[in-house]
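What the coordinates show
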Amino acid sequence: MSARREIPNAVPHLAGNEWKYVKECLDTGWVSSAGPFVGRFEREIASYLGVEHAVAVMNGSAALHLALRAAGVERDDAVILPTLTFVASAGAVVHCGAQPIFLDSEPVSWGLDPQKLADFLTRECEVRQGSVVHRATGRRVSAVMPVHLYGHPCDLDALLEICRRWSLAVVEDSAEALGALYRGRRVGADGVAGCLSFNGNKVVTAGGGGMVITRDATAAARVRALATQARRDPLEWVHDEVGFNYRLTNLQAAVGVAQLEQLEDFLDRKRRTAEHYQRALGGLDGVTVFREAAWARSSYWMPAVLLEPRRCPDVRALIRALDADGIHVRPVWHPLHRQPPFAGACRGPIEVADRLWDRGVLLPCSAGITVEERQAVIDALIARLA
Ligand SMILES: *Cc1c(COP(=O)(O)O)cnc(C)c1O
């Protein structure tokens, strides 16, 4: 009998200078929010993405919160975002005192559907004194948040063009998409601000961490101020407003810098994993692998397949069974309009997101996954198909 195999869904791959840089923090005493790795992490992310400013914060959720604030989202506003995303995207809206409006995804990119965004704005909103107002609630729509889901870029140009036409701020949730390309350009820097996450399961990790990236010096300064209690002066305890302590520590940044040195290798490994799944599963009847659009290069944060009911009547039962066998597949994000805190939220017509949720399975994708482990995932999945 062979030992029980555990294949994690997405765990950190700590194969570089992590230990060395963390030791440097401990040896020098720079363990907290001051220290050289924080600035270095910010500069290296900014330079990788080709943006002027990057502000490190304690996690991706905090990055989204402050990016929305910097984009001008205020109490009682509304923010449009896809229903198919992690709860943190909408949580950030609520933490601004605003309300989410959930729209559907588009079946190629799994991101916010530009046509449905345009339809919603045309049918349900109007411009009053220079602001876009959602007619039914009277709320000002102040921003749109595209999410690059599972590392695949959204149809950005189409979304940006609509937002430009309506003068809506764009805040990109790029938490899953570090390294992804939209028509050859790195995603995350097209709106007022983009947000990254360095949680343990993301493309690179800092243990925990986030970053706001922006080309706008004013937005960057605003995010930095809010993340550091809006303190005006380094000596005096004067605060311009009530802010937050959202800072990243030097210890975390040290891990982040070491991980970033391995980013291209991680992206290669993730791509090979996705290609392996595609080769093995893509040709099967009733199985659709989530593939890159011709204009896209995914970070392949999390490879996904859709299973037709004739091959898998109950996707949740399959996920539970594989998980119990140590093959840690996961369901697609639970659409937010179906979640208790958002039961009464405004939304457009939703069908694609519900289908992706109902039929989708996310496959293990740690950068360190081996060929044998991938094959075990494939074999276990196929064995459970009808
Ligand atoms: C991970 C994630 C976040 C939040 O990042 P944390 O660092 O976990 O706070 C936000 N949005 C999406 C789409 C994510 O996947």
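Read on for an overview of the structure. Since we're looking at a predicted model, the values are computed, not measured. (Residues numbered from 1 in each chain as written. Predicted model: local features only at pLDDT ≥ 70, side-chain atom pairs only at ≥ 80, totals over all residues. Heavy atoms only, no water.)

Taken together, the neighbourhood of the ligand is formed by 17 residues, with S61, D173, E176, S197 and K202 sitting nearest. With respect to the ligand, the side chain of D173 contributes an N or O atom lying 2.7 Å from a nitrogen atom. Contact distances for the ligand include 3.0 Å between an oxygen atom and a side-chain N or O atom of K202. Relative to its unbound accessible area of 380 Å², the ligand is 93% covered by the protein chains. Elements supplying a minimum of two residues to the shell around the ligand: α3 (60-70) and α4 (87-95). At three residues, the largest contribution of residues to the shell around the ligand is made by α3. Across the shell around the ligand, the residue classes tally to six nonpolar, eight polar and three charged. (Near = heavy atom within 4 Å. Polar contact = N/O pair within 3.5 Å; in protein donor to acceptor, adjacent residues only side chain to side chain. Areas by Shrake-Rupley, 256 points an atom, 1.4 Å probe, with all protein chains shown as cover. Helix = DSSP H or I, 4+ residues; strand = E, 2+ residues; numbered from the N terminus. Nonpolar A, V, L, I, M, F, W, Y, C, P; charged D, E, K, R; others polar.)

Interhelical geometry of helix α1 (residues 18-28) versus helix α8 (residues 250-260) gives an angle of 155° and a closest axis separation of 8 Å. Considering their axes alone, α1 and α8 lie roughly antiparallel with respect to each other. Judged by the sense of rotation from one axis to the other, the crossing of α1 with α8 is right-handed. Here α1 contributes E18, Y21, V22, C25 and L26 to the contact with α8, which in turn contributes N250, L251, A254, V255, V257, A258 and Q259. Split by residue class, the contact of α1 with α8 holds nine nonpolar, two polar and one charged. (Axes fitted to C-alpha atoms, helices over the stretch in contact; angles between N-to-C directions. Parallel < 35°, antiparallel > 145°, perpendicular 65-115°, else oblique. Left-handed = near helix turned anticlockwise from the far one by under 90°. Contact = heavy atoms within 4.5 Å.)

Take the sheet that holds strand β9 (residues 185-186) next. Ordered by their spatial adjacency, three strands build an open sheet running β9-β8-β13, and the pairing between neighbours is antiparallel. One side of each edge strand has no neighbouring strand; the edge strands of this open sheet are β9 and β13 (296-297). Where strand β8 (residues 181-182) meets β9, two bridges bridge the pair, whose relative direction is antiparallel. Considered in β9, the bridge of Y182 is made with R185. (Pairing = 2+ DSSP bridges.)

Counting 52 residues, the largest nonpolar core has F41, I45, W110, Y150, L178, F198 and M211 as the members making the most contacts within it. Only α1, α2 (36-49), β1 (53-57), β11 (210-214), α8, α9 (263-281), β14 (304-307) and α11 (352-359) provide two or more residues apiece to this core. The biggest single contributor to this core is α2, with seven residues. Once residues within four sequence positions are removed from consideration, F198 is found in contact with F41, I45, L178, V204, T205, A206, G207, G208, G209, G210 and M211. Counting residues in each nonpolar core, the second largest holds 33 residues, with L64, A98, V171 and F342 among its members. (Core = buried A, V, L, I, M, F, W, Y, C linked by side-chain atoms within 4.5 Å. Buried < 20%, exposed > 50% of the residue type's maximum accessible area, 1.4 Å probe, protein only.)

A few words on the state of the cysteines. For the coordinates displayed, the defined rule picks out zero disulfides. With no disulfide partner, C154 has as its closest neighbouring cysteine sulfur the one in C163, 11 Å distant. A relative accessible area of 0% means that C154 is categorised as buried. In this structure C195 is not part of a disulfide, and its nearest cysteine sulfur, from C96, lies 11 Å away. For C195, a relative accessible area of 1% gives the class buried. (Disulfide = S-S within 2.5 Å.)

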